[in-house]
Amino acid sequence: MYRTAWYMWKTIRCRNDLQQFPEGYCSIYSLTGIPTKMADKLRFITYLSPGIPVQLFETIMHYLEEVTGKQTYLIHESRWSGPPLDRDDPFTANEADIGFMCSPGFLRLAQEKKEVELCQAAPVYNHVRGEQKPVYFSDVITVNDDSGTKQEFKEFTDLKGFSFAFNEPMSLSGTLIVLGELKKRGYNSTFFGNTLQSGSHRNSIKMVLDRKADIAAIDSNTLHNYLQEHPEGKDKIKVLTSFGPLPVHPIVFNKRLPAELKKKITDALLDLHNKPEWMNKLREYNIFKFTAVDMSHYDMEINLLDAVKNLKIAAAYY
């Protein structure tokens, strides 16, 4: 398998041909460099890495290649949690078949009648409050300071006046749920003394650890994976509270995929827990099964988005 990542002028190899791509381009993970008809391929895209390891999406891609018999490749877009407003989305542009993205991006595309639809299978992550449902949480973190030099945060209202790091304005777990909780308590984003846009959940974690921000709201799956990679962080990071549950990140189909193929992929994901060799790989990323979902699963989020539509979080980009 070819694995190529570039952020400067670099190249992607296709057989013996080399093509150049400009600075800032995304990464592509491909199982093959041999061109075939597009009908013989499945084109995946993820907007959820590096917060969630890209190897998770590679594993799902490999499994579905085995199930469908189609060649697959994965585009890894790390700059946004979903298709940005100022660009054509890859589904309407017919550049992707299956996507993993933050749910606000998917709901926007669905509302705009773009060429997307929900895959009715969703991952179930292991979480102490998850109740084996397809949900996740927003973990509000601070540095675990035993020296007594930092104010002790006991309740959410204790956070007033302190600095807050968030990944991006349209992030459900990093921003929108926090705005919703502030509104419930009669506040807005001026509740915080300073707000800093980090660019990613992992950057927000780093800002808290480096004491450049007092608190941050982090996708619970990202925090889990970070602590798996950095076990020393378990003693340095304190979770003050968790907001949620939130509907898990959706898997999204390009509407143009044949109905028979979409059903085959959905059924295969729902049957994954009966495939020990594949489930053992997914458990490394805290997933223990897939379960059936439909659009009603995102009703809570639709209501939240409506509640905070007039609230903004102003920040300097860090």
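Summarised in this report is the structure supplied together with it. This one's a predicted model, so the numbers in the text were calculated from it and none came from an experiment.

1. Brief notes about the pairing of strand β12 (residues 194–197)
Inference 1: Examined bridge by bridge, strand β11 (residues 163–166) and β12 share four bridges and lie parallel to one another. Paired with Phe 164 across the bridge in β12 is Thr 195.

2. Observations concerning the environment of Met 207
Inference 1: Mapped onto the elements, Met 207 comes out in helix α4 (residues 201–209).
Inference 2: Under the relative-accessibility criterion, Met 207 is labelled buried at 3%.
Inference 3: With 43 residues separating them along the chain, Met 207 and Phe 164 place their C-alpha atoms 9.6 Å apart.

3. Let's talk about the packing of aromatic side chains
Inference 1: Counted under the stated rule, the structure contains eight aromatic pairs.
Inference 2: Geometrically, the ring pair formed by Phe 44 and Phe 100 is stacked, given 6.4 Å between the ring centres and 15° between the ring planes. Taken as a pair, Phe 44 in strand β5 (residues 41–46) and Phe 100 in strand β7 (residues 98–100) lie far apart in primary sequence, 56 residues in all. The same class applies to Phe 44 and to Phe 100, which are both buried.
Inference 3: Connected via pairs of aromatic rings, a cluster forms that spans Phe 164, Phe 166, Tyr 187, Phe 191 and Phe 192.
Inference 4: It is Lys 281 that lies over the ring of Trp 278; its NZ or CZ is 4.3 Å from the centre.

4. Some words on the packing of α4 against helix α5 (residues 220–229)
Inference 1: Running from N to C, α4 and α5 point in directions that differ by 60°, and their axes come no closer than 10 Å. Once α4 is placed against α5, the crossing between them reads as right-handed. From α4, His 201, Arg 202, Ile 205 and Leu 209 reach across to α5, where they touch Thr 222, Leu 223, Asn 225, Tyr 226 and Glu 229.
Inference 2: Residues of the contact of α4 with α5, tallied by class, amount to four nonpolar, three polar and two charged.

5. Notes on the nonpolar core
Inference 1: If you look at the biggest cluster of nonpolar residues, it comprises 48 residues, and the most contacted ones within it are Leu 56 and Leu 269.
Inference 2: With 22 residues, the next largest nonpolar core counts Tyr 136, Leu 176, Ile 177 and Leu 246 among its residues.

6. Focus on the pattern of salt bridges
Proximity of charged atoms lets side chains of opposite charge pair with each other.
Inference 1: Scanning the entire structure with this criterion turns up twelve salt bridges.
Inference 2: One salt bridge connects Asp 306 with Lys 309, and the closest N-O pair in it is separated by 3.2 Å.
Inference 3: Three or more residues are tied together by salt bridges with common partners; here these are Glu 181, Lys 184 and Arg 185.

7. Here we look at the side chain of Asp 139
Inference 1: Tracing the backbone through its elements, the reader meets Asp 139 in strand β10 (residues 135–143).
Inference 2: Buried charge without a salt bridge: Asp 139, with Arg 129 as the nearest opposite-charge side chain at an N-O distance of 6.3 Å.
Inference 3: Of note is the side chain of Asp 139, whose polar atom sits 2.5 Å from the side chain of Ser 242.
Inference 4: When near neighbours in sequence (up to four residues on either side) are disregarded, Asp 139 contacts His 127, Ala 216, Ala 217, Ile 218, Ser 220, Leu 223, Val 239, Thr 241 and Ser 242.

8. Some points on helix α7 (residues 276–283)
Inference 1: Inspection of α7 places Trp 278, Met 279 and Leu 282 among the buried residues, and these make up the whole buried set. For α7, the angular spread of buried residues about the axis comes to 95°, placing them on one side.
Inference 2: Among the structural elements, α1 (54–68) and β16 (287–292) are those in contact with the buried residues of α7.

9. Quick word on unusual backbone geometry
Inference 1: Note that the residue after Ser 49, namely Pro 50, is joined by a cis bond; omega there is 15°.
Inference 2: Locating Pro 50 in the fold gives a position in the loop between β5 and α1.
Inference 3: The step from Gly 244 to Pro 245 runs through a cis peptide bond, and the omega angle for that step is 10°.
Inference 4: Structurally, the position occupied by Pro 245 is in strand β14 (residues 237–247).
Inference 5: Positive phi is not limited to glycine here, since Glu 131 has a value of about 55°.
Inference 6: Positionally, Glu 131 belongs in the loop between β9 (121–125) and β10.
Inference 7: Unusually for a residue other than glycine, Asn 286 sits at a positive phi of about 75°.
Inference 8: We classify Asn 286 as buried; its relative accessible area is 11%.

Cut-offs and rules
- Residues numbered from 1 in each chain as written.
- Predicted model: local features only at pLDDT ≥ 70, side-chain atom pairs only at ≥ 80, totals over all residues.
- Heavy atoms only, no water.
- Pairing = 2+ DSSP bridges.
- Helix = DSSP H or I, 4+ residues; strand = E, 2+ residues; numbered from the N terminus.
- Buried < 20%, exposed > 50% of the residue type's maximum accessible area, 1.4 Å probe, protein only.
- Phe/Tyr/Trp six-rings, centres within 6.5 Å; stacked < 30°, edge-to-face > 60°.
- Lys NZ or Arg CZ within 6 Å of the ring centre and 35° of its normal.
- Axes fitted to C-alpha atoms, helices over the stretch in contact; angles between N-to-C directions.
- Left-handed = near helix turned anticlockwise from the far one by under 90°.
- Contact = heavy atoms within 4.5 Å.
- Nonpolar A, V, L, I, M, F, W, Y, C, P; charged D, E, K, R; others polar.
- Core = buried A, V, L, I, M, F, W, Y, C linked by side-chain atoms within 4.5 Å.
- Salt bridge = Lys/Arg side-chain N within 4 Å of Asp/Glu carboxyl O.
- Lys, Arg positive; Asp, Glu negative; His and termini not counted.
- Polar contact = N/O pair within 3.5 Å; in protein donor to acceptor, adjacent residues only side chain to side chain.
- Arc of directions from axis to C-beta.

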